[in-house]
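Chain by chain, the residues run as shown.
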2 protein chains.
Amino acid sequence: MDFYKNEPQTLLAVDCVILGFNGESLEILLVKRGIAPERNKWSLMGGFVHEDESPEKAASRVLKKLTNLEDLYMENCGIFGEPGREERRVVSIVYFALIDATQYRHILSEEYEAKWFPLDKHPKLIFDHEDMISTAKHTLRTKAALYPILFELLPEKFTIPQIASLYECVYNIDLDKRNFSRKLLSSGLLIKLNEKDKENSRKGAFFYRLNMDIYKEKIMSFLRYLPSWSVDES
Amino acid sequence: MDFYKNEPQTLLAVDCVILGFNGESLEILLVKRGIAPERNKWSLMGGFVHEDESPEKAASRVLKKLTNLEDLYMENCGIFGEPGREERRVVSIVYFALIDATQYRHILSEEYEAKWFPLDKHPKLIFDHEDMISTAKHTLRTKAALYPILFELLPEKFTIPQIASLYECVYNIDLDKRNFSRKLLSSGLLIKLNEKDKENSRKGAFFYRLNMDIYKEKIMSFLRYLPSWSVDES
DNA sequence: AAAATTAAGTGTTAATTTGACATTAATTTT
DNA sequence: AAAATTAATGTCAAATTAACACTTAATTTT
């Protein structure tokens, strides 16, 4: 049986807001668009959803094609489907992806003309891609307020000053590093390594890595208006 | 010019997880499906996205058709597009909607066979609609941990015991009402009215309403790892 | 080689917030 | 009028936070 015969079909695309952190500031990976319309203009990396794949899968595929990376942290952060947002009706599902800064420099596929830009100072983009970035930023902030996802932007081994400046970037604030460090350490989320990062300071800062068990536990653990104990996560 | 000529098209649908609160527990509004396949089985209210509307618009339309309510609080909470989730390939965008319990009883459209069920004890649903409810619950919890959206489930005038039991429901916990009340009042979010709810207790509890200015201010104001002051929300 | 410099990391303390519990207050029912 | 019920306020010790000072480990300059 063939159902829904008279229902309208639509073009379905994904667009990726690919974010990285260079230790100083957030960056976004943009590409020069390869197809018409708006060919050769800067845009988010995107693509159409194939017939045999989910949108999420499509986003992974597109990301892999550009960066050669798999299993990136990725999350849906909006759906753009206003009629008229492109010449032809296309509903676009937007994902943001977080990439570890230290790996990405050399992995870009040759196939695309791609470039990292400062997140707050990038070229004009096609269609409503600027709005997509805005919602991605917002989702990132909301999510990172509850879940320790910003670690996805850092290498496996990172220092506390690194995390601090990452949080400062994302929320556009100044942190008291001393209090921040103490708070972070008391969470039990970090495991101290016997090794220092000498790149960024004379004294050098100890490397840490994530305690994945605690990482998973921490999810949903800081709910406002609620006592912090025992939230049933079913 | 006609772009994207050779790209595949797909059926795009919306499904709505409609939640209400009856003072005691959360409820979900389900409908008996009107079309094949799976006709006459219980399901989420849904519909196809028309050619001239955005998915969000489609969800509003579908919601209005069922409840006659407009401007409901509504939020995307997932995209279900695995090939094989239905007989035919359909990508479904899921929204959850929050409805004020005191209004909804008499507004249901005659056109649909719809019924409120306890959220934790509802009939089996078609396709992957159960999963949709799970993600809706999860999104609700995450969102409500940062934003005071649960008020959307209450009437304009509400009492503190009402909010407390709502939070108890959503997070499946017991609250110390005394501490909860103190915390809530100190947020400045509530404006005390000169009127009591006598329905639910002998003494009666004072009604409050939301201070919308503070409500908007509160957004993003309780960030873990960050000092609570001055988060630039641009 | 000593002194200056830089940024990391640890301490200290007062103020605030939280959690646990007790009491008082307003109303209806008996 | 007493009993029952639930709202609302109060108390206090413990925990957490914010603000600030100091020490430490290394490198660079003199």
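Bear in mind that the values here come from a model prediction, so they are computed numbers and not experimental data. (Residues numbered from 1 in each chain as written. Chains lettered and ligands numbered in written order. Predicted model: local features only at pLDDT ≥ 70, side-chain atom pairs only at ≥ 80, totals over all residues. Heavy atoms only, no water.)

Trainee: Which residues make up the nonpolar core, and what values do they have?
Mentor: A:Leu190 and B:Leu190 are the most contacted members of the largest nonpolar core, which has 96 residues in total. Ignoring sequence-local partners within four residues, the contact set of B:Leu190 consists of B:Phe151, B:Phe158, B:Ile160, B:Ile163, B:Leu184, B:Leu185, B:Tyr208, B:Arg209 and B:Leu210. Listed in part, the 52 residues of the second largest apolar core include A:Ala114, B:Val62, B:Ala97 and B:Tyr104. (Core = buried A, V, L, I, M, F, W, Y, C linked by side-chain atoms within 4.5 Å. Buried < 20%, exposed > 50% of the residue type's maximum accessible area, 1.4 Å probe, protein only. Contact = heavy atoms within 4.5 Å.)

Trainee: Give a detailed account of the pattern of salt bridges, specifying residues and quantitative values.
Mentor: Between side chains of opposite charge, a pair can form as their charged atoms come close. The tally for this structure, following the rule as stated, stands at 20 salt bridges over all chains. Here B:Glu168 ties to B:Lys177 by a salt bridge, and the two come within 3.1 Å at their closest N and O atoms. For B:Lys177, a relative accessible area of 42% translates into the label partly exposed. Salt-bridge contacts for B:Asp176 lead to B:Arg178; the nearest nitrogen and oxygen are separated by 3.1 Å. Residue classification places B:Asp176 among the partly exposed residues on the basis of a relative accessible area of 32%. In this structure B:Arg178 comes out as exposed when scored by relative accessible area, which is 66%. Taken together, the shared-partner salt bridges in this structure form one network comprising A:Arg85, A:Glu86 and A:Asp128. (Salt bridge = Lys/Arg side-chain N within 4 Å of Asp/Glu carboxyl O.)

Trainee: Mind laying out the domain arrangement of chain A, listing which residues take part and the relevant values?
Mentor: All names here are of chain A. Taken as a whole, chain A is organised into domain 1 (11–146) and domain 2 (157–218). Look at where the C-alpha atoms of domain 1 and domain 2 centre, and you get two points 28 Å apart. Facing 10 residues of domain 1, the contacting portion of domain 2 comprises 9 residues. Between domain 1 and domain 2, a total of about 680 Å² is buried, with carbon and sulfur atoms accounting for 63% of that surface. The interface formed by domain 1 and domain 2 contains 0 salt bridges. Remark: the boundary between domain 1 and domain 2 carries 2 residue pairs in polar contact (both at pLDDT 80 or more). Here the residues of the side of domain 1 that touches domain 2 are counted per class, giving 6 nonpolar, 2 polar and 2 charged. (Domains from an automatic or database assignment. Buried area = accessible area lost by both parts, 1.4 Å probe. Polar contact = N/O pair within 3.5 Å; in protein donor to acceptor, adjacent residues only side chain to side chain. Nonpolar A, V, L, I, M, F, W, Y, C, P; charged D, E, K, R; others polar.)

Trainee: Can you break down the packing of aromatic side chains residue by residue, with the values?
Mentor: Using the criterion set out here, one finds 14 aromatic pairs over all chains in the structure. The interplanar angle of 45° and the centroid separation of 5.4 Å between the aromatic rings of A:Phe151 and A:Phe158 together place this pair among those described as tilted. Like A:Phe158, A:Phe151 is buried. Where B:Tyr73 meets B:Phe96, the ring centres are 6.3 Å apart and the plane angle is 40°; that geometry is what we call tilted. One end of the pair, B:Tyr73, is in strand β5 (residues 73–80); the other, B:Phe96, is in strand β6 (residues 90–99), with 23 residues separating them in the sequence. By relative accessible area, B:Tyr73 is classed as buried at 18%. In textbook terms, an aromatic cluster arises when at least three aromatic residues are bridged by ring pairs, as seen for A:Phe3, A:Tyr4 and B:Phe48. Across the ring face of A:Phe207, the terminal group of A:Lys157 is positioned such that the distance to the ring centre comes to 5.2 Å. Over the ring of B:Tyr147 we find B:Lys143, and its NZ or CZ is 4.8 Å from the ring centre. (Phe/Tyr/Trp six-rings, centres within 6.5 Å; stacked < 30°, edge-to-face > 60°. Helix = DSSP H or I, 4+ residues; strand = E, 2+ residues; numbered from the N terminus. Lys NZ or Arg CZ within 6 Å of the ring centre and 35° of its normal.)

Trainee: Describe the interface of chain A and chain B, naming the residues involved and giving the relevant values.
Mentor: Counting from both sides, the interface comprises 66 residues of chain A and, opposite them, 66 residues of chain B. Across the chain A to chain B interface the summed buried area is about 6000 Å²; carbon plus sulfur atoms make up 64%. Taken together, the connections running from chain A to chain B amount to 0 salt bridges. Connecting chain A to chain B are 17 residue pairs in polar contact (both at pLDDT 80 or more).

Trainee: How would you sum up the sheet that holds strand β10 (residues 205–210) of chain A? Please name residues and give values.
Mentor: All names here are of chain A. Spatially, 3 strands are ordered β8-β10-β9 in an open sheet, and the strand pairing comes out antiparallel. On the outer flanks of this sheet lie β8 (158–159) and β9 (190–197), each paired with one strand and no other. Where β9 and β10 come together, 5 bridges link them in antiparallel fashion. Bridge pairing links Leu-190 to Leu-210 in β10. (Pairing = 2+ DSSP bridges.)

Trainee: Residues and numbers for unusual backbone geometry, please.
Mentor: Residue A:Pro37 is bonded to the preceding A:Ala36 through a cis peptide linkage, with omega at 0°. On the secondary structure map, A:Pro37 appears in the loop between β2 (26–32) and β3 (42–43). Look at B:Asn68: it is not a glycine, yet its phi comes out positive at around 65°. Of note, B:Asn68 is situated in the loop between α1 (55–67) and β5.

Trainee: Report on helix α1 (residues 55–67) of chain A, specifying residues and quantitative values.
Mentor: Residue and element names in this part refer to chain A. With 13 residues, α1 should reach 18 Å at 1.5 Å per residue; the first-to-last C-alpha distance of 18 Å fits that figure. Buried residues of α1: Pro-55, Ala-58, Ala-59, Val-62, Leu-63, Leu-66 and Thr-67, and no others. All buried residues of α1 project into a common sector of 145° when viewed along the axis, lining one side. Downstream of α1 by one or two residues, Asn-68 has phi in the positive range, about 65°. (Expected span 1.5 Å × (residues − 1). Arc of directions from axis to C-beta.)

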